Amino acid sequence: MIPIIDSKRQYAQVGSEVEKEVLEVLRSGSYILGKHNKAFEQEISEFLGVKNAVTLNSGTDALHLALRALDIGEGDEVITVAFTFVATTEAIGIVGAKPVFVDIDPDTFNMDVKQIESKITPKTKAILPVHLYGQPCDMDVIMDIAKRHNLFVIEDACQAIGAEYKGKKVGTFGDIGCFSFYPTKNLGTMGDGGLAVTNSEYLKNRMVALRNHGGAVRYYHDEIGVNSRLDEVQAAILRVKLNYINEWNKKRREHAAFYNELFKDVKDVETPKELDNTYCVYHQYTVKVPNRDEVHKLLQENGVGAMIYYPVPLHLQKVHAHLGFKEGLLPHTEENTKLVLSLPMFAEITEEEQKTVAKTLIECIEKAKNKVSA
Ligand SMILES: *Cc1c(COP(=O)(O)O)cnc(C)c1O
C-alpha cells in the first residue's frame, strides 16, 4: 500500500531530536505557553517575514480568533470559498457572521478573484481567501480590492506554510494569516496546534488575550475569550521541525514536478497548474480524472491511497443549510468537487512509489472507463 501520507517516515528523520526536546519539556515542569512557545513565535515570525505570531490550539481557532480580533460577528458578511475544509466557514459561523461565496478558478482551485467585487455589500467586513493545496491565491488583486472597499483580509494559509506569492510568504499579506499544525500539514506537530500572524501590534495583543480567557493580565478579564493555548511539548516539536520545512517543501515540489512528467502524455489526467510568480508547496498534489469515484475505488483496491478533498462543497453542507444556498450557485466548485483526486504526496515518497502511483492510476482510469461503458 502506498499511503497518501506516511508520518512515520518523517519521524524516522526527526524522531531522535524530537524525543530529546520533549523529554526535556516533560522534566521541566513548564507545560503551557512557556519558553518554547515564546521562542517558536519568534522563529516562525522570522521564517514567515511578519512582525507577530500568536501560537494557538488549532488552525480553526486561528480563523475564529482572527475574526474575533477584527470584531467581525453578528450581521457581518465574509467573502470566501466553498471549495475548502469546513473549518474556514465554521469559524465564520462561530462568530455569528455569514459566509458569502465566490466560485473557484478551476485552474487553481482558489478563489476566482474576478467575482469578489460583485459580492460586496454594505455588510461585507472581510475577504477570507484560502490557499488551497499549498497554492497561493492571487494576492495582489485581493489586497487591491480590499483596500479600495475598506475590507479586512484574513488568509487561511493552513495548507500553505512556506508558499510564496511574488517572493513573499502567504499568510503575511492580509491583516491576519492563519496556520494549522495538524499532524498531516506540511509543518505538522504531534497533536493539535495552530498559529495566527499579523503585522499589527493591536491585533496581536487582542489574540494573545483571546487565547487565554480574554485578558492580558492573569485573572483580569476584559472580554469573553477561549482557552486556545499551545502546550510546550507541541511548541518544542514544532521548533525542531521548523528547521526542516524548507527542505520538505522543496522535496514536495520536486515530487510534483516528477508526477507532472509521468502524466505529461496522459490525456485523462489533468495535472495541477501554478500561477506565475508563485512558490506552491503542494500540501496536496491534486489531479482531475474522468469517472473519479470509480477510479478512486479502484485505486484503493489496488494499493494506492488517494483521497478526495473535499467531497461536498461547503455551500451544500447541512451545517449551512439554514443560509439557503442552492445547488447551481457555484458551478466550478460543484463540478470540481466531482473531478478532483489527491495522490500520495509527502517529502519522503520515492520515485519508485510515484511511478507505481502513476501506472496504477492510468490502469484504473482505463478499467473505470470499461466498467462505466459496460
Ligand atoms: C487544516 C485546515 C484548517 C483547520 O486546521 P485545524 O488545525 O485542523 O483546526 C483550516 N483550513 C484549512 C484549509 C485546513 O486545511
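Look up a bit, the structure's there.
Criteria and cut-off values
Residues numbered from 1 in each chain as written. Predicted model: local features only at pLDDT ≥ 70, side-chain atom pairs only at ≥ 80, totals over all residues. Heavy atoms only, no water. Helix = DSSP H or I, 4+ residues; strand = E, 2+ residues; numbered from the N terminus. Rg over C-alpha atoms; globule rule 2.2 N^0.38 Å. Buried < 20%, exposed > 50% of the residue type's maximum accessible area, 1.4 Å probe, protein only. Near = heavy atom within 4 Å. Polar contact = N/O pair within 3.5 Å; in protein donor to acceptor, adjacent residues only side chain to side chain. Areas by Shrake-Rupley, 256 points an atom, 1.4 Å probe, with all protein chains shown as cover. Nonpolar A, V, L, I, M, F, W, Y, C, P; charged D, E, K, R; others polar. Phe/Tyr/Trp six-rings, centres within 6.5 Å; stacked < 30°, edge-to-face > 60°. Lys NZ or Arg CZ within 6 Å of the ring centre and 35° of its normal. Salt bridge = Lys/Arg side-chain N within 4 Å of Asp/Glu carboxyl O. Pairing = 2+ DSSP bridges. Axes fitted to C-alpha atoms, helices over the stretch in contact; angles between N-to-C directions. Contact = heavy atoms within 4.5 Å. Core = buried A, V, L, I, M, F, W, Y, C linked by side-chain atoms within 4.5 Å. Domains from an automatic or database assignment.

Asks: Explain the overall build of the protein here, please?
Replies: Along the backbone of the protein there are 11 helices and 12 strands. Against the globule reference of 21 Å for 374 residues, the protein gives a C-alpha radius of gyration of 21 Å, in line with a compact fold. C-alpha atoms of the protein, sized along the principal axes, occupy 70 × 55 × 35 Å. Expressed as a percentage of its 374 residues, the buried residues of the protein come to 55%.

Asks: Got a minute to help me understand the site of the ligand in this structure?
Replies: For the ligand, the set of nearby residues contains 15 residues, the closest of which are Gly59, Thr60, Asp156, Ser180 and Lys185. In the environment of the ligand, an oxygen atom lies 2.8 Å from a nitrogen or oxygen atom belonging to the backbone of Gly59. Within the side chain of Lys185, one N or O atom sits 3.1 Å away from an oxygen atom of the ligand. In isolation the ligand exposes 380 Å². Once the protein is present, 93% of that is buried. Secondary-structure elements contributing two or more residues to the shell around the ligand are helix H3 (59-69) and helix H4 (87-94). With 3 residues, the top contributor of residues to the shell around the ligand is H3. The class makeup of the residues in the shell around the ligand is 5 nonpolar, 8 polar and 2 charged.

Asks: In this structure, what is going on with the packing of aromatic side chains? I would like to understand it.
Replies: Two descriptors summarise a pair of aromatic rings, namely the distance from one centre to the other and the angle between the planes of the rings. Using the criterion set out here, one finds 12 aromatic pairs in the structure. Ring geometry for Phe83 against Phe109: centres 5.8 Å apart, planes inclined by 10 degrees, an arrangement best described as stacked. With Phe83 in the loop between strand E2 (77-81) and H4 and Phe109 in the loop between strand E3 (98-102) and strand E4 (124-127), the pair connects residues that are 26 residues apart, well separated along the chain. For the pair Phe83 and Phe109, one class covers both residues: buried. An angle of 65 degrees between the planes, with centres 5.4 Å apart, marks the rings of Tyr309 and Tyr310 as edge-to-face. There is no split in this pair, since Tyr309 and Tyr310 are both buried. Between the NZ or CZ atom of Lys168 and the centre of the ring of Phe173, over which it lies, the distance is 4.8 Å. For the cation-ring pair, Arg253 lies above Tyr279, with the distance from its terminal atom to the ring centre recorded as 4.2 Å.

Asks: Can you help me understand the pattern of salt bridges in this one?
Replies: Opposite charge on two side chains permits them to pair, given that their charged atoms come into close proximity. One pass over the structure, following the stated rule, counts 29 salt bridges. Here Glu223 and Arg68 are joined by a salt bridge, their closest N and O atoms 3.4 Å apart. Of the two residues, Glu223 sits in the loop between helix H6 (201-210) and helix H7 (232-242) while Arg68 sits in helix H3, which places them 155 residues apart along the sequence. As a salt-bridge pair, Arg206 and Glu223 come within 3.0 Å of each other at their nearest N and O atoms. Of this pair, Arg206 sits in helix H6 while Glu223 is found in the loop between H6 and H7, placing the two residues 17 residues apart along the sequence.

Asks: Sorry if this is basic, but what is going on with the sheet that holds E2 here?
Replies: Note: strands within a sheet are paired through backbone hydrogen bonds, in either parallel or antiparallel orientation. Spatially, the 7 strands line up as an open sheet ordered E1-E9-E8-E5-E4-E2-E3, and their pairing is mixed. Of all strands in the sheet, those bounded by a partner on one side alone are strand E1 (52-56) and E3. Neighbour-to-neighbour, the strand axes of the sheet open up by a mean angle of 25 degrees, direction not taken into account. Where E2 lies against E4, 3 bridges are found, and the strand directions are parallel. In the sheet register, Ile79 faces E4, and the bridge partner there is Ile127. Its contacts with the sheet place H3 against E1, E2, strand E5 (152-156), strand E8 (176-180) and strand E9 (194-198), and it is angled at close to 160 degrees to E8.

Asks: I'm lost on the nonpolar core in this one. Help?
Replies: What tends to happen in soluble globular proteins is that the nonpolar side chains get buried as a cluster. Judged by nonpolar contacts, the single largest core of 49 residues is most densely connected at Ile44, Leu48, Ile142 and Ile161. Of all the secondary structure elements, the ones that give two or more residues to this core are helix H2 (35-48), E2, E3, helix H5 (139-149), E9 and H7. When residues of this core are sorted by domain, at least three fall in each of domain 1 (7-102 + 109-242) and domain 2 (245-373). With sequence-adjacent residues up to four places away left out, Ile142 is seen in contact with Met111, Val113, Ile116, Ile127, Pro129, Cys137 and Val153. Val287, Leu298, Leu343 and Cys364 belong to the second-largest nonpolar core, a separate cluster that totals 27 residues.

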